[in-house]
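The residues making up each chain are set out below.
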Amino acid sequence: MRIVEATLENISLAAEIVRDGGLVAMPTETVYGIAVDAMNREAVLRLFEAKGRPADNPLIVHIDSMAMLSMAAREVPPLVERLAERFWPGPLTMVLKKQPDVLDEVTGGLTTVAVRQPRHPVAMALIGLVGRPLAAPSANRFMRLSATRAQHIDPELASKLDLILDGGPCPVGVESTVLDMTCDPPRILRPGGVSRGEIEAAVGGPLGERPPAGEHRSPGMYPRHYAPASKLVLVDAVPDDAPGLVLDGPRTPLHIKMPADPVAYAATLYDALHRLDQMGRDAIYVQRPPALPEWEAVLDRLSKASG
Ligand code: TXA
Ligand code: MG
C-alpha cells in the first residue's frame, strides 16, 4: 500500500494511474472513496473485486461540473438543476435517468445513475485532471465502517489499491445523502451530509416516503452496514467498564465524549468508532442520540451498524 500526501504532484500521478485503469483512494468532504475511471469496464470490475462488493450494488459517479453531468445523465430536469445549483459541489447524490453509454457494471444493471459533484479540493482536482467522471464507492470493505482518514483504510483493501491520496480528515464525516430524482416528489434513499430539511426547503415541499428496505436496490438500505468489527450496541447509558461513545461524561478513559450537535457528531463518528474498534473488545456501546430529524443520518448509520 502506498499512502502519499495529496500534493498537486501526487494528484497528477493519481490521475495518470486512474487514466490507465488503476484504483486510487481519494479524500472527499464526506468519506474517502476508491476512484476509478467510470468509463473503464475492467477498472470498475477490479474495484468490485477489491471491495468484495456484490455486482448489483450501484456506484456513485463523481463529476466536476454540469458539463460533465451530461456524460452520465440522459436528461437534467429543472428541479435537478435547481438542487445542483443549491447543493453542488457538496454531499448530495442525485439518482437520475442514465445516459445509454454509462456502463451497466457501474449502475448494477439499473436504468438510473447516481451522480454527485464533491466539494473536496483533492477530489475536484483529480476528476478535473482525469477529465472523465470517476466512479467511487466508500473506501471500506463491503458492510464495514467507512474511512474518514487515509489511515482508516483496511490494510487488506489498501493492498489492492494502486495509490492512496492522504488529504487529512474528511470534514463532513458521513456519506452523501442519496436522493431519488426519478420520482415526484423526490425521495431520500440514504440520509447523509445534506439534511432532509435543507432539501425540502430547496424543493419547496415535503419529500416522498422512503421506500421500505428490500424494495429498492440500494446498499445503503442493507439492514447491517457501516459496521465495526466489534459488535455495536445502542444504549441509554454506556457501562463504565466498556468502550463507548457518550454524550454526557466521559466517566472513564474508555469513553469518547461526542459533540451534542448532530453535524459535529457526524464529523467525528467514524473516527471515534475506528478508535474504539482498535481496542479489540467484543462490544462497543453508543449512547443513543436524540430521535430528532436533524439526527437522521447519524441514527441511520448507528442503527445499521448495530444491525
Ligand atoms: O459520500 C459518498 O456518497 C461517498 C463518497 C466517496 O462520495 N460514496 C459512497 O459510495 O458512499 P457507496 O458506494 O458506499 O454508496 C453508494 C450509495 C449506495 O447506497 C447505493 O445504493 C446508492 O448510492 N446508489 C448508487 N447508484 C444508485 C442508483 N442508480 N439508484 C439508487 N441508489 C444508488
Ligand atoms: Mg459505502
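What counts, and at which threshold
- Residues numbered from 1 in each chain as written.
- Chains lettered and ligands numbered in written order.
- Predicted model: local features only at pLDDT ≥ 70, side-chain atom pairs only at ≥ 80, totals over all residues.
- Heavy atoms only, no water.
- Core = buried A, V, L, I, M, F, W, Y, C linked by side-chain atoms within 4.5 Å.
- Buried < 20%, exposed > 50% of the residue type's maximum accessible area, 1.4 Å probe, protein only.
- Salt bridge = Lys/Arg side-chain N within 4 Å of Asp/Glu carboxyl O.
- Helix = DSSP H or I, 4+ residues; strand = E, 2+ residues; numbered from the N terminus.
- Arc of directions from axis to C-beta.
- Pairing = 2+ DSSP bridges.
- Axes fitted to C-alpha atoms, helices over the stretch in contact; angles between N-to-C directions.
- Contact = heavy atoms within 4.5 Å.

**Re the nonpolar core**
Leu 83, Leu 92, Met 94, Leu 126, Ile 153, Leu 165 and Ile 199 are the most contacted members of the largest nonpolar core, which has 68 residues in total. Judged by nonpolar contacts, the second largest core, of 23 residues, contains Tyr 265, Leu 269, Ala 272 and Leu 276.

**Some points on the pattern of salt bridges**
Under the counting rule described, the total for this entry stands at 16 salt bridges. With a closest N to O distance of 3.4 Å, Arg 187 and Asp 180 form a salt bridge. When salt bridges that share partners are traced, they join Glu 175, Asp 300, Arg 301 and Lys 304 into one network.

**As for helix α6 (residues 121-130)**
Within α6, burial applies to Val 122, Ala 123, Leu 126, Ile 127 and Val 130. Looking straight down α6, one finds its buried side chains confined to an arc of 130°; they lie on one side. Looking one or two places after α6, you find Gly 131, whose phi comes out positive at around 80°.

**Describing the sheet that holds strand β11 (residues 231-235)**
In spatial order, the strands read β11-β14-β12-β13; together these four strands make up an open sheet with parallel pairing. Unpaired on one side and paired on the other, β11 and β13 (255-257) mark the two borders of the sheet. Between one strand axis and the next, the sheet turns by 25° as a mean value, whatever way the strands run. In the sheet, strand β12 (residues 244-246) pairs with strand β14 (residues 283-287) via two bridges, with the strands oriented parallel. Looking at β14, one finds that Leu 245 is bridged to Val 286. Contacts between helix α10 (residues 296-306) and the sheet are confined to β11 and β14, with β11 contributing the most and set at about 125° to the helix.

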